[in-house]
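Descriptive analysis of the structure
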Amino acid sequence: MSRSHKLALLAWLLLAGSTVLLAVMPVDRSLLMFYPQTALQQPWWQALSGHLLHLGNRHLAANLLALLLLLALAWRRGQLPQAWPVLLLSMLGVDLGLWLEGRVGWYVGLSGALHGLFAWLLLVRLPGAARPHLAHWLWLAGAAKVLLDVYQPQHHWLAIPVVPQAHVFGFACGSLLALASYRRRHASSDTPASNNKPV
């Protein structure tokens, strides 16, 4: 295992451990929740800590299971180190979207950022990857699902309040990060090689 993969694995373990620790510690949750409408007046750490809080054990277990499945896919594709900043940026993308929208009073949970990681994994394909069109169709299905949840909210199977806008913002952020990665990769591949002719 390369050094970058070891560091990424450590970072993921710290993230999961912190999430579980916040669930069992007797802490004042109001100090760690993210408040989009007053985000500029709140402590900066709430922009990250809010994503680590959950509304009960079932909410926590569902998000950790989804995280595990996405990390298993990233590990199999050798993209574990790249997936870490994608999740963090998706968290910030969710925060920014909710702040700009200004309709949500508070937000907790990892699902918005997980939608970002999911979208990124679908769109960022490895060279020579099999069935790339399947991933694109899955991305379209995911985009349709998160948009449908906004305009036709459904009763959540965990019986918790859901913020579907967070899923949209996370999904959009992950998609934009994948597009940026695609453009950067192709820009570097189109750069002509230096001509090392002897003088």
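Everything discussed here concerns the structure shown above.
Scope of this entry: the structure provided in the associated data block.

**Brief notes about the pattern of salt bridges**
Per the counting criterion, the structure on display carries two salt bridges. Taking the shortest distance from any N to any O, the salt bridge between arginine 103 and glutamate 101 comes out at 3.9 Å. Taking the shortest distance from any N to any O, the salt bridge between lysine 145 and aspartate 149 comes out at 2.9 Å. Taken together, the positions of lysine 145 and aspartate 149, both in helix α6 (residues 132–151) and four residues apart, correspond to about one turn of that helix. With a relative accessible area of 40%, lysine 145 lands in the partly exposed category. A relative accessible area of 16% places aspartate 149 in the buried class.

**A short note on helix α4 (residues 80–101)**
With 22 residues, α4 extends 32 Å between its outermost C-alpha atoms, agreeing within 8% with the 32 Å of an ideal straight helix rising 1.5 Å per residue. The set of residues buried in α4 consists of Leu80, Ala83, Val86, Leu87, Ser90, Met91, Gly93, Val94, Asp95, Gly97 and Leu98. Glycine 102 lies just past α4 and shows a positive phi near 70°.

**Points about helix α3 (residues 57–76)**
Relative to the 28 Å expected for 20 residues at 1.5 Å per residue, α3 spans 28 Å between its end C-alpha atoms, a close match to the ideal helical length. Buried within α3 are the following residues: His59, Leu60, Asn63, Leu67, Leu70, Leu71 and Ala74. Here the buried residues of α3 occupy an arc of 105° about the axis, which is enough to place them on one side. Seen from the buried face of α3, the exposed residues on the opposite side, beyond 90 degrees, are Asn57, Arg58, Leu65, Leu68, Leu69 and Arg76. Residues of α3 that are buried sit in contact with α1 (3–24), α4 and α5 (111–123).

**Some thoughts on the environment of arginine 29**
Mapped onto the fold, arginine 29 is located in the loop between α1 and α2 (46–52). Excluding its chain neighbours within four sequence positions, the residues that come into contact with arginine 29 are Leu53, His54 and Leu55.

**Looking at the packing of aromatic side chains**
Inspection of the entire model under this criterion finds two aromatic pairs. Where tryptophan 44 meets tryptophan 45, the ring centres are 6.3 Å apart and the plane angle is 80°; that geometry is what we call edge-to-face. By relative accessible area, which is 67% here, tryptophan 44 ends up exposed. Both rings, one in tryptophan 139 and one in phenylalanine 171, keep their centres 5.6 Å apart while their planes meet at 35°; by these two values the pair is tilted. With tryptophan 139 in helix α6 and phenylalanine 171 in helix α7 (residues 164–190), this pair connects stretches of sequence that are 32 residues apart. Among the residues examined, tryptophan 139 registers a relative accessible area of 23% and is labelled partly exposed.

**Section: the packing of α4 against α5**
Contact geometry for α4 and α5: axes closest at 8 Å, N-to-C directions at 130°. Taken as axis vectors, α4 and α5 run oblique relative to one another. Crossing of α4 against α5: the hand is right-handed. Each of Gln82, Ala83, Val86, Leu87, Ser90, Met91 and Val94 in α4 lies in contact with α5, whose residues at this interface are Gly112, Ala113, Leu114, Gly116, Leu117 and Trp120. Among the residues making up the contact of α4 with α5, the classes are represented as nine nonpolar, four polar and no charged.

Definitions and cut-offs
- Residues numbered from 1 in each chain as written.
- Predicted model: local features only at pLDDT ≥ 70, side-chain atom pairs only at ≥ 80, totals over all residues.
- Heavy atoms only, no water.
- Salt bridge = Lys/Arg side-chain N within 4 Å of Asp/Glu carboxyl O.
- Helix = DSSP H or I, 4+ residues; strand = E, 2+ residues; numbered from the N terminus.
- Buried < 20%, exposed > 50% of the residue type's maximum accessible area, 1.4 Å probe, protein only.
- Expected span 1.5 Å × (residues − 1).
- Arc of directions from axis to C-beta.
- Contact = heavy atoms within 4.5 Å.
- Phe/Tyr/Trp six-rings, centres within 6.5 Å; stacked < 30°, edge-to-face > 60°.
- Axes fitted to C-alpha atoms, helices over the stretch in contact; angles between N-to-C directions.
- Parallel < 35°, antiparallel > 145°, perpendicular 65-115°, else oblique.
- Left-handed = near helix turned anticlockwise from the far one by under 90°.
- Nonpolar A, V, L, I, M, F, W, Y, C, P; charged D, E, K, R; others polar.

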